[in-house]
Structure formats: C-alpha cells, structure tokens
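Structural description and commentary
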Amino acid sequence: MSRTTVRESAADRIFLGIVYLFLAIILIVILFPLLHIVSASFSSPSAVSSGKVWLWPVDITLMGYKAVFQNSNILIGFGNSLFYAVVGTMVNVAFTVMLAYPLARKTFYIRNMVMMLLVFTMFFDGGLIPNYLLVKSLGMLDTRWAMIIPGALAVFQVIIARTFFQTTIPEELAEAAEMDGSSDITFFIKIVLPLSKPILAVLALMYAVGHWNSYFNALIYLKDSSLFPLQIFLRDILILNSVSSEMVTNVNELLAREGLKDLLKYSLIVVASAPVLIIYPFVQKYFVKGVMIGSLKG
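Sequence order sets the numbering: in each chain, residues are counted from 1 along the sequence as written. In view of the model being predicted, local features appear only for residues whose pLDDT reaches at least 70, and side-chain atom pairs are presented and counted only at 80 or more, with totals across whole chains, interfaces and linings using the full set of residues. The basis for the side-chain values is all heavy atoms of the structure; hydrogens and waters are excluded.

Turning our eyes to something else, we now look at the side chain of Thr 61. In this structure, Thr 61 sits in the loop between α2 (45-49) and α3 (63-70). Only protein chains enter the calculation, and the probe is 1.4 Å; a residue is then buried if its accessible area is under 20% of its type maximum, exposed if over 50%, and partly exposed in between. Residue Thr 61 is classed as buried on the basis of its relative accessible area, which comes to 17%. In this structure, Thr 61 is in contact with Ser 41, Phe 42, Ser 43 and Ser 44, ignoring residues within four places of it in sequence. Helix numbers and strand numbers start at the N terminus; a helix is a DSSP run of H or I with at least 4 residues, a strand a run of E with at least 2. Contact between two residues is taken to exist if any of their heavy atoms lie within 4.5 Å; hydrogens are not considered.

Next comes the structure, spelled out in structure tokens:
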C-alpha cells in the first residue's frame, strides 16, 4: 500500500512555529519560578538574601531544610495536614460516590430534584457567620472534625462523578445483576467501585490537594496551635514574616536572622509542595482518563 503524505504549506509551518514559540514562552514563565524556589532552598542564606540565586543553587547547603525539620511547629503542622488530607479525602470520596451513584440511576425518580437542590447550593450560600454558628452549635470548634465535616461534600465533584457513572456503568449491567439476585449494595461494592478506579483517583486527588492547601477553615475554627495544619505555619512565615528563635539557634548561632527567614521561605514552599508532586505521577493516568470521561455530558 502506498503511503500518502500531506505536505505542509509555508503558512502552516509559520503558524506551527508561532504556536511552538508561544508554548515555549509559557513553559519558561512557569518553570523559572519553580526552579528559582528549588535552587534558593538549597543555597546559603547570604546568597539568597543578596539575590545571587537565579536558576542554580549558590553555596549549596541543606541548612534551610535542617531548620525546617528541627522546628516542632513545622512537624506538628505537617502531621496535621497529613491527617486532614488522608482522613478528609476518605470521607469526601465516600460521601461523593454514595451521592453521585444514585443520582446517575434512572430508577431514582427524584434525582432531578435532588440535583437541582445541589446546584442551587453552588450559587447561594449562607455565608461565613451562619457557617461558623453551625459548626459551633455542633460542638466542632477547635476540633479536627471542623477541618473535615463542613467540607465533606463538594457539588462540583458530585457532578463529575455522576456523569462518569452515567457514561460508564450501563443500566443493563445493573438489570443483569438484579436478575442474578444481587442487591443494590452488593452491585455497588463488587461491580461499580472496581470499574470506577479512574474517577476515584480523580476525586481523591482533587480532595487531597484541597485539604493539603487548606488554611482558611483553620483560621476560623481552630485556636489550639497543636491542631494547625502546615499551611498556617507557612502563612506565618511567608506573610506575617515570623520565625521562632528555635529555628535560628538550632542551625547556626552566627547566621543573620533575616537571612534565615528568606531561606526558610523557599525551603518551606518545597516541603509543602513535595507530597502533592510525589503523589500526582502515580494517579496521573487515572486522573486524565477520569476527567475526560467525567466531563462528557450524560
């Protein structure tokens, strides 16, 4: 068989060249801050404060990371964020799937009314003060549950999961299982969930990233510093510019305080971002597949 090749015109080559150039510029704009932060986290405090660091570390040292992991507040915050991300994500995914699957079944006759009520909450909210009073009345103030229960369900994720179930799990499969004597719960656990790994990965990643980066709920609902997530301590250093004396004396008593502050900012950013960057490659293939399927209109 002869192979037909399509020759690109000069205009097509110019257009592709412009597109590649535009994408290259975007890539540089995105990568430069990331490389700068990583390089600065491995550089000496004097090099960071004097602005000598650009793309490569200057006077390579692990002093910033040593200061980070020697500080008890950072370790407490890291552990709390890990707890909120793991437990919160499990709660989120469970609630989302248990709500989205019935909404995808045609036998659930009030699914349209329930869906309308859910979408209504996306546009209209009670506000900060009613939410605070609700959490207070439930006795969850200054507890770990205040970081998990109020955000246990996101409507946008429910819509994505519902669309996935509609386009992936056919009604005929449920009818066949019912004829074989399978209950709805058995069908859901043994058939639906194993076929739903892509959307489960999507939901888990979305919720986990949200929990890991969350700090606003902690500012409102938490007073006990032992419950603070990592982002609160990161905020104190990056925005409020507060660094405890423990970070300074445990590293090098001769370091200038201001130089260590600058170094700690970059080191903390890397430490706070590393877990998400490590997890993403393992769920990337499921993430892309789940988003593409879940984005189709059912």
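And the narrative resumes.
Bringing a negative patch on the surface into the picture now. A contiguous patch of negative charge, built from Glu 172, Glu 175, Glu 178 and Asp 184, is present on the exposed surface. The greatest single-element share of the negative patch, amounting to 3 residues, is contributed by helix α8 (residues 171-179). When you line up the elements, Glu 172 lands in helix α8. Relative accessible area serves as the criterion here: at 55%, Glu 172 is assigned to the exposed category. Like-charged residues within 9 Å of one another, or nonpolar side chains (Val, Leu, Ile, Met, Phe, Trp, Tyr) within 5 Å, are grouped into patches, provided each residue has over 30% relative accessible area and no salt bridge. Here the Shrake-Rupley method, with its probe set to 1.4 Å, supplies the accessible areas, and only the displayed protein chains count as covering residues. Any Lys or Arg side-chain nitrogen found within 4 Å of a carboxyl oxygen on Asp or Glu counts as a salt bridge. The charge count includes Lys and Arg as positive and Asp and Glu as negative, but it does not include His or the ends of the chains. Note that the charge is assigned to NZ on lysines, CZ on arginines, CG on aspartates and CD on glutamates.

Attention shifts here to the UniProt feature "transmembrane region" (unreviewed entry) in the protein chain. UniProt positions are given in the numbering used here, feature names are shortened, and annotations may be inferred rather than shown by experiment. Look at the UniProt record and you will see "transmembrane region" (unreviewed entry) annotated at residues 14-35, 82-101, 113-133, 145-165, 185-209 and 263-283. Within the segment residues 14-35, helix and strand shares are 100% and 0% respectively, and the terminal C-alpha atoms sit 31 Å apart. Annotation note: span residues 113-133, helix share 81%, strand share 0%, distance between end C-alpha atoms 28 Å.

For this analysis, a ring pair means two rings from Phe, Tyr or Trp (six-membered ring only for Trp) whose centres lie within 6.5 Å, classed as stacked if their planes differ by under 30 degrees, edge-to-face if by over 60, and tilted for the remaining angles. Inspection of the entire model under this criterion finds 9 aromatic pairs. Judged by centre distance (5.4 Å) and plane angle (85 degrees), the ring pair of Phe 78 and Trp 212 falls under edge-to-face. With Phe 78 in helix α4 (residues 72-104) and Trp 212 in helix α10 (residues 197-213), this residue pair connects regions lying 134 residues apart in the sequence. Classification of Phe 78 as partly exposed rests on a relative accessible area of 28%. Grouping aromatic residues by their ring pairs yields a cluster made of Tyr 101, Phe 164, Phe 165 and Phe 188. The cationic tip of Arg 144 hangs over the ring face of Phe 83; the distance from NZ or CZ to the ring centre is 5.0 Å. To sit over a ring, a charge needs its Lys NZ or Arg CZ within 6 Å of the ring centre and within 35 degrees of the ring normal.

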